[in-house]
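# Chains, contacts and geometry: an overview
Single-letter residue listing:
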Amino acid sequence: MKGKFITIEGSEGVGKTTNINFIVDYLTKHNRRMIETREPGGTAAAEEIRNILLNSNGELIPDIAELLLFFAARSLHLENVILPALVAGKFVICDRFTDATIAYQGYGRGFDIERINNIAQWVHADIQPDLTILLDAPAEIGMQRAKKRGAIDRMESEEISFYERVREGYLQLAEQYNDRFVVIDANQSLDLVQKAIMTHLEDLI
Ligand code: T5A
């Protein structure tokens, strides 16, 4: 792969969208070719799956269906968007990837992590991000920010303890894969968050 795969992770409302815009501006200023994309989503069909996952119109989505839908969307996204961009030498800036499945469906819902890793291996073999930026903040803070921003979706409607487990899961992943993860305190001013992100981008480019 000639390109670089950068993922941005964190629980609800930690500032992923805000900081992805910052990353895109930074790379544009440095004349890097890139695509900006997100999970679940990133292709027409994967965006339809996103709609099902985030707004199920009251229909119960069993946890197993949720897990498999995230991976189905990921498979579409990888084959049709991420891999072609990486092969073409572009930076891929992606809002969430498989770490989110481990944090949300593994630590949050309680699925066996080994089982999730097996599906991940099946769906994307050895494809891993080159850099994963984990924006970390207490679940309470992130939920307050997300609620202030507007209506909440199905995945934002859990008890606070769910997002605390998700945060814990992300921190465990960051420790386990410390070769590609950087953890940034998202509970500080946006200016400081972006200074920290910039340091890591400088290293990467
Ligand atoms: N999911 C996803 C799974 O369960 N499994 C999976 O495998 C995958 C891929 C996707 C949902 O699906 C789940 C996780 C999610 O629940 P999403 O599109 O990723 O959803 O959306 P959210 O995580 O819900 O992202 P949000 O858009 O809610 O939050 P962001 O993008 O993290 O936050 P952002 O940038 O919109 O900021 C929120 C507010 O905070 C302010 C911003 O201005 C904004 O108003 N803010 C700050 N305020 C003060 N200080 C700072 N440092 C700030 N940074 C941002």
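Use the structure listed above.
A brief report on the enclosed structure follows. (Residues numbered from 1 in each chain as written. Predicted model: local features only at pLDDT ≥ 70, side-chain atom pairs only at ≥ 80, totals over all residues. Heavy atoms only, no water.)

## Points about the overall build of the chain
For the chain, the helix and strand inventory stands at eight helices and five strands. Dimensions of the chain, computed from the C-alpha atoms along their principal axes, are close to 45 × 35 × 30 Å. The 205 residues of the chain split such that 49% are buried. Contacts in the chain between residues far apart in sequence, at least 24 positions, make up 80% of those at least 6 positions apart. (Helix = DSSP H or I, 4+ residues; strand = E, 2+ residues; numbered from the N terminus. Buried < 20%, exposed > 50% of the residue type's maximum accessible area, 1.4 Å probe, protein only. Contact = heavy atoms within 4.5 Å.)

## Describing the pattern of salt bridges
Enumeration over the complete set of coordinates arrives at twelve salt bridges. Salt-bridge contacts for R109 lead to E66; the nearest nitrogen and oxygen are separated by 2.8 Å. Pair noted here: R109 is in the loop between α4 (98-108) and α5 (113-124) and E66 is in helix α3 (residues 63-87), with a separation of 43 residues, a long-range link. Across the pair, exposure class does not vary: R109 and E66 are buried alike. The closest approach of N and O atoms between E66 and R154, which form a salt bridge, is 2.8 Å. (Salt bridge = Lys/Arg side-chain N within 4 Å of Asp/Glu carboxyl O.)

## Side note on the site of the ligand
Within the structure, the ligand sits among 27 residues, and T17, T18, R50, R96 and R149 are positioned closest to it. Here an oxygen atom of the ligand and a side-chain polar atom of R74 are 3.1 Å apart. Interatomic distance of 2.4 Å between a side-chain N/O atom of R96 and an oxygen atom of the ligand. If the ligand stood free it would expose 1,000 Å²; the protein chains cover 84% of that surface. Within the residue set of the shell around the ligand, elements represented by two or more residues are α1 (16-29), α2 (44-54), α3, α4 and α6 (139-149). Among the elements that take part in the shell around the ligand, α4 stands out by supplying four residues, more than any other. (Near = heavy atom within 4 Å. Polar contact = N/O pair within 3.5 Å; in protein donor to acceptor, adjacent residues only side chain to side chain. Areas by Shrake-Rupley, 256 points an atom, 1.4 Å probe, with all protein chains shown as cover.)

## As for the packing of aromatic side chains
This structure, assessed with the given rule, holds four aromatic pairs. Seen in terms of ring centroids, F5 and F97 are 5.0 Å apart; in terms of plane orientation they differ by 80 degrees. Their pairing is edge-to-face. Linking F5 in strand β1 (residues 4-9) with F97 in the loop between β3 (91-95) and α4, this pair joins segments that are 92 residues apart in sequence. Both rings, one in Y104 and one in Y170, keep their centres 6.4 Å apart while their planes meet at 80 degrees; by these two values the pair is edge-to-face. A residue pair is termed long-range when its members are at least 10 positions apart, and Y104 in helix α4 and Y170 in helix α7 (residues 160-176) qualify at 66 residues. Judged by relative accessible area, Y104 falls into the buried class, the value being 6%. (Phe/Tyr/Trp six-rings, centres within 6.5 Å; stacked < 30°, edge-to-face > 60°.)

## A word on the sheet that holds strand β2 (residues 34-38)
A sheet is described by the order of its strands in space; here five strands give the open sequence β2-β3-β1-β4-β5, paired in parallel fashion. With partners counted over all chains shown, the strands left at the sheet margins are β2 and β5 (181-185), one partner each. Strand-to-strand twist in this sheet, taken as the mean axis angle between neighbours without regard to direction, amounts to 20 degrees. With five bridges joining them, β2 and β3 adopt parallel strand pairing. Bridge pairing in β3 places I35 opposite V92. (Pairing = 2+ DSSP bridges. Axes fitted to C-alpha atoms, helices over the stretch in contact; angles between N-to-C directions.)

## A word on α7
For α7, built from 17 residues, the straight-helix expectation of 24 Å at 1.5 Å per residue is met to within 8% by its first-to-last C-alpha distance of 25 Å. Along α7, the positions that sit buried rather than exposed are F162, Y163, V166, G169, Y170, L173 and A174. Axial view of α7: buried residues confined to an arc of 140 degrees, hence all on one face. In α7, the exposed residues that point more than 90 degrees away from the buried face are E175 and Q176. (Expected span 1.5 Å × (residues − 1). Arc of directions from axis to C-beta.)

## A few points about the packing of α2 against α3
One way to put it is that α2 packs onto α3 with a least axis distance of 8 Å and a crossing angle of 160 degrees. Between α2 and α3, the interaxial angle falls into the category roughly antiparallel. In this structure, the crossing between α2 and α3 has a hand that is left-handed. Side by side, α2 and α3 meet where A45, A46, I49, I52 and L53 of the first sit next to E66, L69, F70, A72, A73 and L76 of the second. Residues belonging to the contact of α2 with α3 are distributed by class as follows: ten nonpolar, no polar and one charged. (Parallel < 35°, antiparallel > 145°, perpendicular 65-115°, else oblique. Left-handed = near helix turned anticlockwise from the far one by under 90°. Nonpolar A, V, L, I, M, F, W, Y, C, P; charged D, E, K, R; others polar.)

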